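Take a look at the letters that make up each chain.
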Amino acid sequence: MSAWASYVLGAAALLGALGVVGARDAARGAAALWIMAASLSGVFALSGAALTAAVYLFAYSGASVLLLLAALALERSPAGPGWRGNPRAWFAGAVASFAGLGLAAVVFRNASDGPINSLLAPAAGAQGNPLFALAACSCLAAAACIAVVAISAPPDSSPAPSGSENS
Amino acid sequence: MPPDHALLLSTVLVFLGLLGMLVRRSLLAVLMSLHVMIGGIVLALVAYTGRGEPGASAASFAAIVSIVAILELAVGVALVVAFFRNRGSTAIERAGLLRW
C-alpha cells in the first residue's frame, strides 16, 4: 500500500516539476513548486525520513508563500496593462497562503506518530535538545530573511510602461 | 518506492530543473527551477539512506540541505526584488552586467 502511495506521490512530484518548468508566470510556478514540495515530502515520510519530510514541507510552504508574494509584487497581470498585485489578488494570495500553511499544520497535528510530535516530544523534557534548537534557529533565520525581503519590496503598484516585457 | 526508482526520479527532477534554468527568461522562474534541482538532490540523499550506503545520516544531511536551500531562496528573492527596482523588469536578458 505504501509502495503504491509513494509511486503516486512521486508522479505528483514529477507533475509539479513539469508545472514549474512550463508555467506561464511565476504565480502558477509557485503553486506548482508547492505541489512538488508537498509530494516529495510525502515520499520522504514514506521512506522513513520523517525529520527531512517535516523540515521540507514546512520550509517549502513558507518559501512558496514568499514566491507567491514576490510574483504578486513583480509581475504584470496577464489580463491587462496593470500589475498583478491589485487588492483582489493580494487578498487571494493571502487566502491561499493561510490555507496552505494551515493545511500543513493540520496534517502534522493529526498525525499522532508523525514527525512533528517525535520532534517536539524530547524537547519538552530536555531544554538543550540540539534537534529542537536547530529547528527553532532555522525558523528564526527564515523569518529574518523573509522580513528583509518584505522591507525591500517595491513601494507601490503603479501601471507598467507600455512595450516592456511581461515577467 | 525502491531506492533505485527514487534515484531515477531524482535524476529526472534534476534534468527538468536544469532545462528550466536554461529555457526560462524570468529570474523568478529560474530560481524556482533551481529548487526543482535541489528537490531532486534531496530525494537522492534520502534514497541513499534507504539503500543502506555508508553514511546513514544522509537523511539528516538532506534536512540541513533543505534549510540552506530555503535561506538561499530568500536571499535570491531579495536579489530579484533589488534587480527589479533597478531595471524595472525581471527578464534575464537585462542581467548582463558581468557579460564578457
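Here the structure is a predicted model, which is why all the values come from computation and not from measurement. (Residues numbered from 1 in each chain as written. Chains lettered and ligands numbered in written order. Predicted model: local features only at pLDDT ≥ 70, side-chain atom pairs only at ≥ 80, totals over all residues. Heavy atoms only, no water.)

(A) The side chain of Ser10(B), seen in detail. Residues and elements named next belong to chain B. Tracing the backbone through its elements, the reader meets serine 10 in helix H1 (residues 3–23). At 2.7 Å, the side chain of serine 10 and the backbone oxygen of leucine 7 are in polar contact. In contact with serine 10, not counting residues within four places along its chain, are Gly40, Leu43 and Ala44. (Helix = DSSP H or I, 4+ residues; strand = E, 2+ residues; numbered from the N terminus. Polar contact = N/O pair within 3.5 Å; in protein donor to acceptor, adjacent residues only side chain to side chain. Contact = heavy atoms within 4.5 Å.)

(B) Here's a closer look at helix H3 (residues 50–74) of chain A. Relative to the 36 Å expected for 25 residues at 1.5 Å per residue, H3(A) spans 36 Å between its end C-alpha atoms, a close match to the ideal helical length. H3(A) sits mainly inside the fold: 19 of its 25 residues count as buried. (Expected span 1.5 Å × (residues − 1). Buried < 20%, exposed > 50% of the residue type's maximum accessible area, 1.4 Å probe, protein only.)

(C) Geometry of the confidence of the model for chain B. For chain B, the average pLDDT comes to 85, and 93% of its residues sit at 70 or higher. The least confident element of chain B is helix H3 (residues 58–87) of chain B, whose mean pLDDT is 86; the most confident is H1(B), at 92. (pLDDT = per-residue confidence, 0-100.)

(D) Local environment of the interface of chain A and chain B. Of the residues lining the interface, 48 residues belong to chain A; the matching set on chain B comes to 43 residues. At the boundary of chain A with chain B, total buried surface from both sides reaches about 3900 Å², with 77% on carbon and sulfur atoms. Along the contact surface separating chain A from chain B lie 0 salt bridges. In this structure, the connection of chain A to chain B is made through 6 residue pairs in polar contact (both at pLDDT 80 or more). Sorting the residues of the side of chain A that touches chain B by element identifies helix H1 (2–22), helix H2 (26–46), H3 and helix H6 (130–151) of chain A as the ones contributing at least two each. Residue contributions to the side of chain A that touches chain B peak at 12 residues, all from H3(A). Partitioned by chemical class, the residues of the side of chain A that touches chain B number 36 nonpolar, 9 polar and 3 charged. (Buried area = accessible area lost by both parts, 1.4 Å probe. Salt bridge = Lys/Arg side-chain N within 4 Å of Asp/Glu carboxyl O. Nonpolar A, V, L, I, M, F, W, Y, C, P; charged D, E, K, R; others polar.)

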